[in-house]
Amino acid sequence: MNLSVRAIPPNDRLAFYKLASAAFSPNEEPENVAPAWDKYYQEHPDYHSEQFLGIYDGDSLLGGCIVHERRLRYGKSSILSGCVGAVVTHPEQRQRGLGRALMDSVIRLGLEKEYGLLFLDGIRGYYHRWDYVDVLDLTYGELKIDEIQKLPDSPYHLREATVADAAAVLALYNKHNARYVGSFVWTEDHIRHRIKYRSEDEFCLLAI
């Protein structure tokens, strides 16, 4: 194999999206999901072509990942960080060191870009070999519908947020989160993009 890691050119993006959607959205048809992924990233406020890394055997794309640039708050300053997502390799090419070559290249990219931190959301027991450590435990809350129905009526009403609400949503986010180390720095463009492209099971509700 003649392996190399390089930026994924536009003509290979759909092939990468199909690989990623097959791995992370197995109940969807990759042919349908890939164009939606392409539109999502093309319109993202932080889009740049270098954020797509692919691992190739000659001219054949075998896998890849996306490295988002985000700023993380640290007191009154912020740290430029790389957030790694959609790490995927072709099913027939796994267990051949492709993931290692890809992640080594991510670290080199982080050093070149002078990222203060690298984040990723991935499977347990794999990424520790590059010194990644768990920093977030997911927590869940359970609400009993019958108990909620016993409460007195609220003077407020709920509605779904629209892109026109981006400034208000951002103001709420900053009011409650900007003081915390580890919160991300968002702009109105980020909020508009997230509301526009939220998934069917993701809600952004406003209490009025």
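Up top is the structure.
Residues numbered from 1 in each chain as written. Predicted model: local features only at pLDDT ≥ 70, side-chain atom pairs only at ≥ 80, totals over all residues. Heavy atoms only, no water.

Novice: Explain the overall build of the protein chain here, please?
Specialist: Of the regular secondary structure elements, the protein chain holds 6 helices and 7 strands. Along the protein chain, helices and strands appear, N-terminal first, in the series β-α-α-β-β-β-α-β-α-β-α-α-β. At a minimum sequence separation of 6, the contacts of the protein chain that also span at least 24 residues come to 66%. Looking at the protein chain as shown, the accessible area adds up to about 14,100 Å², and 52% of this sits on carbon and sulfur atoms. Looking at the protein chain, you have 24 positive and 30 negative side-chain charges, and the mean spots of the two groups are 5 Å apart. (Helix = DSSP H or I, 4+ residues; strand = E, 2+ residues; numbered from the N terminus. Contact = heavy atoms within 4.5 Å. Areas by Shrake-Rupley, 256 points an atom, 1.4 Å probe, with all protein chains shown as cover. Lys, Arg positive; Asp, Glu negative; His and termini not counted. Charge placed at Lys NZ, Arg CZ, Asp CG, Glu CD.)

Novice: Help me understand a negative patch on the surface in this model?
Specialist: On the surface, Glu 28, Glu 29, Glu 200 and Asp 201 cluster together into a patch of negative charge. Relative to the helices and strands, Asp 201 is located in the loop between helix H6 (188–196) and strand E7 (205–207). (Patch = residues over 30% accessible without salt bridge, like charges linked within 9 Å, V, L, I, M, F, W, Y side chains within 5 Å. Salt bridge = Lys/Arg side-chain N within 4 Å of Asp/Glu carboxyl O.)

Novice: In this structure, what is going on with a nonpolar patch on the surface? I would like to understand it.
Specialist: Residues Val 133, Val 135, Leu 136, Leu 138 and Tyr 140 make up a contiguous nonpolar surface patch of about 670 Å² in total accessible area. Mapped onto the secondary structure, Tyr 140 falls in the loop between strand E5 (117–120) and helix H4 (145–149).

Novice: Would you take a moment to explain the environment of Pro 30 for this structure?
Specialist: Of note, Pro 30 is situated in helix H2 (residues 30–42). A relative accessible area of 23% places Pro 30 in the partly exposed class. The sequence separation of Pro 30 and Ala 15 amounts to 15 residues, and the corresponding C-alpha distance is 9.5 Å. If sequence neighbours within four positions are ignored, Pro 30 has contacts with Lys 18, Ser 21, Ala 22 and Pro 35. (Buried < 20%, exposed > 50% of the residue type's maximum accessible area, 1.4 Å probe, protein only.)

Novice: Is there a simple way to think about the sheet that holds strand E2 (residues 52–57) in this case?
Specialist: Backbone-to-backbone hydrogen bonds pair the strands of a sheet. The strands run either parallel or antiparallel. Judged by pairing direction, the sheet is mixed, and its 5 strands sit side by side in the order E1-E2-E3-E4-E5 without closing on themselves. Whereas interior strands pair on both sides, the edge strands pair on one side only; in this sheet they are strand E1 (3–7) and E5. Within this sheet the neighbouring strands show an average axis-to-axis angle of 25 degrees, counted without direction. Relative to strand E3 (residues 60–74), E2 is paired through 6 bridges, and the arrangement is antiparallel. Bridged to Phe 52 within E3 is Ile 66. (Pairing = 2+ DSSP bridges. Axes fitted to C-alpha atoms, helices over the stretch in contact; angles between N-to-C directions.)

Novice: Help me understand the pairing of E3, please; the structure alone is not making it clear to me.
Specialist: Regular strands place their side chains on alternate faces of the sheet. Connecting E2 to the next strand, E3, in antiparallel fashion are 2 residues, including Gly 58 with a positive phi near 65 degrees. In the sheet, E3 pairs with strand E4 (residues 77–89) via 11 bridges, with the strands oriented antiparallel. Paired with Gly 64 across the strands is Val 88, a residue of E4. The antiparallel pairing of E3 with E4 creates a hairpin that spans 2 residues between the two strands, and Gly 75 there sits at a positive phi of about 65 degrees.

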